[in-house]
Amino acid sequence: MSTTAIQPHGSHGHSGSHGMGVGEFVRTYVFSLDHKIIGLQFLFSTLLWFLVGGLLALGIRWQLAYPWHDMPVIGRMLFSAEGGQISPEFYTTLFTMHATVMIFFVIIPILAGAFGNYLIPLMIGADDMAFPTLNMLSYWFMWPAFFFIGMSFLWPPYGAGGGWTSYPPLSVVWDAAPGSHWPQTLWLLGVTCVGISSMLGSVNYMTTIIQMRAPGLTMFRLPLTIWAMFITAILQAFALPVLTAAGFMQLTDRTLGTGFFLPEGLVVNNSLPATGGGQPILWQHLFWFYSHPAVYIMILPAMGMVSDIIACFARKPIFGYKPMVYSISGIAGLGFIVWGHHMFVSGMNPFLGMTFMVSTMMIALPSAVKVFNWLGTIWGGKIQFTTPMLFALSFVSMFIIGGLSGIFMAATPVDIFIHDTYFIVAHFHYVLFAGTAMAVFGSIYFWFPKMFGRMMDESLGKVHFFLTFLFLNGTFFTMHILGAVGFPRRLADPYDYETFRHLLPMNQFMTWCAIGMVATQVIFAFNFIRSIFFGQIVGRNPWGANSLEWMAPSPPGHGNFDFQPIVYRGPYEYGSPEVDTDFYPQTQPPPADPAKRYKDPHH
Ligand code: HEM
Ligand SMILES: [Cu+2]
């Protein structure tokens with residue numbers, strides 16, 4: 001392993017809580033500039049929001065399985081006025097808040113905020129981010145967002161109900177959704193703050209990855225996690241300003257009487273809105289110009305992390321490293337020209353619809369390259385079925401299901417039939433929950449020993465994996481069947497329509513699977529919290545991995561490395577003939593004796 005000892009950075013931050021004043025505690029753990037602490041702050045906050053989002057989902061599921069039945073226990077607490085039942089207005093708030101929380105407060109910030117922050121400097125051999133203060137701000141901008149969304153939810157009587165997509169005119173006309181007067185405005189402010197937070201993060205990630213790589217770490221020696229974070233940061237930097245500007249326009253439509261998104265002569269609730277002359281469809285274009293790339297912001301980092309986990313536990317080099325990099329870039333590039341596939345039924349010109357259809361289908365190509373390369377990596381490997389590996393393998397297989405349903409929907413004639421049905425809900429839960437969330441779990445189990453210097457319990461981890469996997473398929477696979485027969489999304493009582501009444505038992509099955517899935521997460525929470533304090537203590541590199549973060553102490557001190565890392569090769573040299581171990585750290589110098597060096601037979 002490499003060498004030159006360097007002075008660790010300024011000594012503050014080397015924990016040891018005794019003798020630490022309040023000011024120092026606040027500087028070290030609250031307004032910290034250290035990327036690791038900021039990453040953990042993001043991790044803890046997003047895991048808490050994950051719990052909130054999960055409970056909101058159970059509220060939705062309760063109504064779909066037992067419409068207008070009293071909700072056990074919590075019903076009386078939450079809506080005593082309605083006799084413990086969910087009202088149609090509250091149902092609207094429930095699905096709006098569930099999606100908002102999961103997308104803007106869980107998936108996006110856990111990938112970029114938690115893992116991006118924690119891993120980028122460590123995996124590139126740097127001591128911190130390029131702009132630590134900006135980094136701290138990016139976390140603290142989440143708090144106004146938490147506050148605004150919390151207020152928007154709790155504001156009596158119902159909270160925001162415009163859906164996570166906030167389509168006008170519903171979202172612009174005051175009180176178009178009952179009681180959404182203030183909550184919708186607060187919702188917009190909240191989402192704007194998340195946008196600012198992400199933007200501060202992405203500028204920092206791009207600069208850090210370009211500028212601060214350790215000596216010898218060329219771009220094509222970067223772990224795929226870092227490539228994915230890099231491309232995601234670029235996606236964010238180009239897509240986000242559009243959403244932020246559009247959100248701002250919606251705010252002024254609501255508060256200052258502009259008319260960007262309201263058509264002329266619109267009548268809502270028997271009153272004529274004062275402004276008009278705008279275009280509701282304009283919002284859809286602007287929103288999806290951000291939010292389609294955003295679905296890749298919600299999966300590319302997961303794909304990167306899964307690649308690292310799979311190579312490590314197959315004990316083999318990643319199959320097709322460069323094609324992987326090019327497909328991440330290809331997915332990101334194509335992601336900018338497909339947004340119209342969310343709008344096939346908006347009345348757009350059919351020719352335009354066709355270009356969106358074709359470009360969307362093209363995304364299947366780089367996606368398939370990635371799946372193929374993951375399979376190629378596993379093929380013939382010495383697979384170790386650790387908990388992180390199980391989650392990573394589940395990511396790959398579930399992403400295949402989610403990707404395939406995406407290709408169905410990309411075909412305009414098919415989508416006209418299934419748009420706004422549970423088929424769509426099935427699709428995005430396969431990519432976002434069965435995909436990204438499972439990758440996040442795998443990554444937590446994988447990098448936990450680095451973060452806390454202790455292991456999570458493997459047996460509990462496997463129980464957590466198998467139950468989650470079972471219940472998630474029970475919940476989400478069934479949605480395809482519902483969707484195929486037209487069961488509508490976002491409706492408090494689809495059974496108003498006689499055609500859907502026979503689907504009630506299927507919905508009850510899904511609801512019990514969903515309850516099982518949320519309950520299973522108690523095992524995870526227990527394991528996570530217990531392991532922070534009592535998990536088995538580990539050294540620097542418990543999994544026998546190659547990338548730089550595993551060369552730093554576990555957990556790394558302030559400034560990360562206690563030596564200057566020098567990089568000799570890429571991160572995937574597992575099973576190399578040059579060494580006796582089946583891994584070959586990026587910092588380990590090649591054998592001194594040239595005869596022992598491996599010669600590529602193709603050169
Ligand atoms: C092979 C790749 C994919 C294709 C071809 C595809 C295609 C589509 C299409 C055509 C729709 C619109 C359907 C409709 O509303 O009628 C859609 C919706 C959606 N997709 Fe995908 N998709 C793909 C991958 C992904 C991934 C990777 C994610 C997230 C990680 C994702 C998340 C979503 C979400 C959240 C929606 C629904 C948004 C909403 O209406 O609320 N998709 N997808
Ligand atoms: Cu899309």
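Rules used in this analysis
- Residues numbered from 1 in each chain as written.
- Chains lettered and ligands numbered in written order.
- Predicted model: local features only at pLDDT ≥ 70, side-chain atom pairs only at ≥ 80, totals over all residues.
- Heavy atoms only, no water.
- Helix = DSSP H or I, 4+ residues; strand = E, 2+ residues; numbered from the N terminus.
- Buried < 20%, exposed > 50% of the residue type's maximum accessible area, 1.4 Å probe, protein only.
- Areas by Shrake-Rupley, 256 points an atom, 1.4 Å probe, with all protein chains shown as cover.
- Lys, Arg positive; Asp, Glu negative; His and termini not counted.
- Charge placed at Lys NZ, Arg CZ, Asp CG, Glu CD.
- Expected span 1.5 Å × (residues − 1).
- Contact = heavy atoms within 4.5 Å.
- Bend = angle between axes of the 7 residues up to and from the residue.
- Donors = N, O, S within 2.8 Å, 3.2 Å for Na, K, Ca; no water.
- Patch = residues over 30% accessible without salt bridge, like charges linked within 9 Å, V, L, I, M, F, W, Y side chains within 5 Å.
- Salt bridge = Lys/Arg side-chain N within 4 Å of Asp/Glu carboxyl O.
- 1 Å grid on protein atoms, 1.4 Å probe; cavity = no way out; pocket = protein on both sides within 12 Å on 5 of 7 lines; lining within 4 Å.
- Points joined across faces, edges and corners; volume = space filled by probe spheres on them.
- Nonpolar A, V, L, I, M, F, W, Y, C, P; charged D, E, K, R; others polar.
- Axes fitted to C-alpha atoms, helices over the stretch in contact; angles between N-to-C directions.
- Parallel < 35°, antiparallel > 145°, perpendicular 65-115°, else oblique.
- Left-handed = near helix turned anticlockwise from the far one by under 90°.

Engineer: Summarise the overall build of the protein chain; cite the residues concerned and give the values.
Structural biologist: For the protein chain, the helix and strand inventory stands at 18 helices and zero strands. Its C-alpha atoms give the protein chain principal-axis dimensions of roughly 85 × 60 × 45 Å. Residues classed as buried in the protein chain amount to 57% of the 603 residues present. Accessible surface computed for the protein chain: about 24000 Å², of which carbon and sulfur atoms make up 71%. With 24 positive and 26 negative side-chain charges, the protein chain shows a spacing of 10 Å between the two charge centroids.

Engineer: Now, about helix α11 (residues 321-334): what can you tell me, with residues and values included?
Structural biologist: Between the first and last C-alpha of α11 there are 20 Å, a value that for 14 residues agrees with the 20 Å anticipated at 1.5 Å per step. Buried residues of α11: Tyr321, Met324, Val325, Ser327, Ile328, Ile331, Ala332 and Leu334, and no others. Tucked inside the fold, the buried residues of α11 contact α8 (224-255), α9 (280-297), α10 (300-314), α12 (350-362) and α13 (364-378).

Engineer: Quick one: what's the story with helix α4 (residues 88-123), residue by residue and with numbers?
Structural biologist: Compared with an ideal rise of 1.5 Å per residue, which puts 36 residues at 52 Å, α4 spans 49 Å between its outermost C-alpha atoms and is within 8% of the ideal. Along its length, α4 reaches its greatest deviation from straightness, about 55°, at proline 109. With 33 of 36 residues buried, α4 lies mostly within the body of the structure. Looking at the residues trailing α4, positive phi occurs at glycine 125, about 75°.

Engineer: Hey, could you go over the coordination of the copper ion (ligand 2) for me, with residue numbers and the actual values?
Structural biologist: Taken together, the protein donors to the copper ion (ligand 2) comprise His292 (ND1), His341 (NE2) and His342 (NE2), at separations of 1.9 to 2.0 Å. Of note, the donors binding the copper ion (ligand 2) are all from one chain and are spaced H-x48-H-H. The metal-metal distance between the copper ion (ligand 2) and the iron atom of ligand 1 is 4.6 Å. In this structure histidine 341 comes out as buried when scored by relative accessible area, which is 13%. You can call histidine 342 partly exposed: its relative accessible area is 21%.

Engineer: So what about a nonpolar patch on the surface? Which residues, and what values?
Structural biologist: Together, Val22, Phe25, Val26, Tyr29 and Phe31 make up an exposed nonpolar region whose accessible area comes to about 450 Å². Looking at the element boundaries, phenylalanine 25 is found in helix α1 (residues 22-30).

Engineer: Residues and numbers for the side chain of threonine 377, please.
Structural biologist: Secondary-structure assignment places threonine 377 in helix α13. Other than its neighbours up to four places away in sequence, threonine 377 contacts Ile310, Ala311, Ala314, Lys316, Pro317, Ile318 and Phe319.

Engineer: Give me the lowdown on the environment of glycine 278, citing residues and values where you can.
Structural biologist: Here glycine 278 shows up in the loop between α8 and α9. Once residues lying within four places of it in the same chain are set aside, the contact partners of glycine 278 are Gly259, Phe260, Phe261, Leu262 and Pro263.

Engineer: Got a sec to walk through empty space enclosed by the protein? Specific residues and values, please.
Structural biologist: Tallied over the full model, the rule gives five cavities of 30 Å³ or more. There is about 110 Å³ of room inside the largest cavity. Together, 14 residues line the largest cavity, and Phe42, Ala112, Gly113, Ser197 and Ser198 are the ones closest to its centre. By residue class, the composition of the lining of the largest cavity is eight nonpolar, six polar and no charged. Put simply, the second largest cavity is a space of about 90 Å³.

Engineer: Before we move on, can you summarise the packing of α11 against α13 with the specific residues and values?
Structural biologist: The contact between α11 and α13 brings their axes to 8 Å, and the two run at 155°. It follows that α11 is roughly antiparallel to α13 by the angle criterion. For the pair α11 and α13, the crossing hand works out as left-handed. Judged by residue contacts, Pro323, Met324, Ser327, Ile328, Gly330, Ile331 and Leu334 of α11 engage Pro366, Ser367, Val369, Lys370, Asn373 and Trp374 from α13. Grouping the constituent residues of the contact of α11 with α13 by class yields eight nonpolar, four polar and one charged.

Function-wise, these values are silent; they only describe arrangement.
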